[in-house]
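Spelled out from the first residue to the last, the chains are:
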Amino acid sequence: MMQVVRSKLELKKILSSQTNKSIGFVPTMGSLHEGHLALMKKARLENDFVVASVFVNPTQFGPNEDLDAYPRDETKDIELSENAKVDLLFIPSVEEIYPRKVSAQVKAVLAVDVLDGKARPGHFDGVLTVLLKLFMLVQPDRAYFGQKDAQQVAIVQNFVSDYFLPVDIRTVETVREADGLAKSSRNVNLLEEERNEAPVIHRALLAGKDRILSGCQSEQEILGAVQEVLQDVTLKLDYLALYSYPDFKPVTDFTKPMILATAVKYKKARLIDNEIVLPSGGEAECYEQ
Ligand code: AMP
């Protein structure tokens, strides 16, 4: 039977009774879907005790972003987590996590000048802040993140490594709808016409990926191939970029791993997606799948 816990004290009490058990942790912002469930499934396979959290973290939202419109469905989250065999679901209030103004700040500085780091100033500071707090509370052996948020994975991995945080970062590939659209909690905020159009995002990335895999070494041409698929669409391109992976630098060697990433804006939802490209057919250097 899964336990639902809302306070730090109760969380601590339950965790302290799990002696000699490995702990897997899946942090989420709720409105759970199959992407989150894939993380839970992997956590379940690799750990004795699985903790998931549902917390819409206000510090990772900018002033003009969708904090208030972010979808929430606690009843469904509890049901889905229970079905995924999570042992403990932590659903803290904002006051529980941020009881007062912090006395020292966490600031992401590496790989934040591109993609979502550039488009959402301060976003990754908020992500690292809440993760540090959650890692300290849960003290997991392993924590699970989705490759859909590839820049987040890289920044979290660097943070954990730089500060010797005793947690192993594990990743899971992007889970998609049958038509290719990356699953996202924000998809429910798409209008019907937008939802019908949105699979074009992934199709466009795949067109760029194809161009790279067929040997193209011109960034302009690769991005052009993506944009060609995005003609006559209603979405607004926030960014579309190609970087080396996992260090998010301008590409100088087209035979090494790269990431083709995009963010698009619809009326009430901003969506991100990416494709990792391994031109040599090899494995991406840093992050296991
Ligand atoms: P979120 O609730 O959107 O903050 O996401 C929580 C975790 O689930 C993050 O590590 C995300 O990368 C991951 N995630 C979200 N959507 C997907 C997806 N479609 N496939 C795989 N992982 C995902």
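Below or above, wherever it landed, is the structure these notes cover. Please read these numbers as outputs of a predicted model, since none were measured by experiment.

Right, let's get into the overall build of the protein chain. From N to C terminus, the protein chain includes 10 helices and nine strands. Here the C-alpha radius of gyration of the protein chain, 19 Å, is about what a compact globule of 289 residues would show, namely 19 Å. For the protein chain, the spread of C-alpha atoms along the three principal axes comes to 55 × 40 × 40 Å. For the protein chain, restricting intrachain contacts to residue pairs at least 6 apart in sequence, the fraction spanning at least 24 positions comes to 73%. Summed over its atoms, the accessible surface of the protein chain is roughly 14,700 Å², and 50% of this surface lies on carbon and sulfur atoms. The positive charge centre, built from 34 side chains, and the negative charge centre, built from 42, are 5 Å apart in the protein chain.

Let's shift gears to the sheet that holds strand β3 (residues 49–54). Adjacent strands of a sheet form backbone hydrogen bonds with each other and so pair up, either parallel or antiparallel. With respect to topology, six strands assemble into an open sheet ordered β1-β4-β3-β2-β5-β6, the strand pairing being parallel. The sheet is open, and its two edges are formed by β1 (3–5) and β6 (168–172), each paired on a single side. Neighbour to neighbour, the strand axes of the sheet diverge by 25° on average, direction disregarded. The pairing of β3 with strand β4 (residues 88–90) spans three bridges and is classified as parallel. Across the sheet, the residue bridging to valine 51 is leucine 88, located in β4. Strands β2 (23–28), β3, β5 (142–146) and β6 of the sheet are contacted by helix α2 (residues 34–46), whose axis makes an angle of about 155° with β5.

Each value, and the rule that gives it
- Residues numbered from 1 in each chain as written.
- Predicted model: local features only at pLDDT ≥ 70, side-chain atom pairs only at ≥ 80, totals over all residues.
- Heavy atoms only, no water.
- Helix = DSSP H or I, 4+ residues; strand = E, 2+ residues; numbered from the N terminus.
- Rg over C-alpha atoms; globule rule 2.2 N^0.38 Å.
- Contact = heavy atoms within 4.5 Å.
- Areas by Shrake-Rupley, 256 points an atom, 1.4 Å probe, with all protein chains shown as cover.
- Lys, Arg positive; Asp, Glu negative; His and termini not counted.
- Charge placed at Lys NZ, Arg CZ, Asp CG, Glu CD.
- Pairing = 2+ DSSP bridges.
- Axes fitted to C-alpha atoms, helices over the stretch in contact; angles between N-to-C directions.

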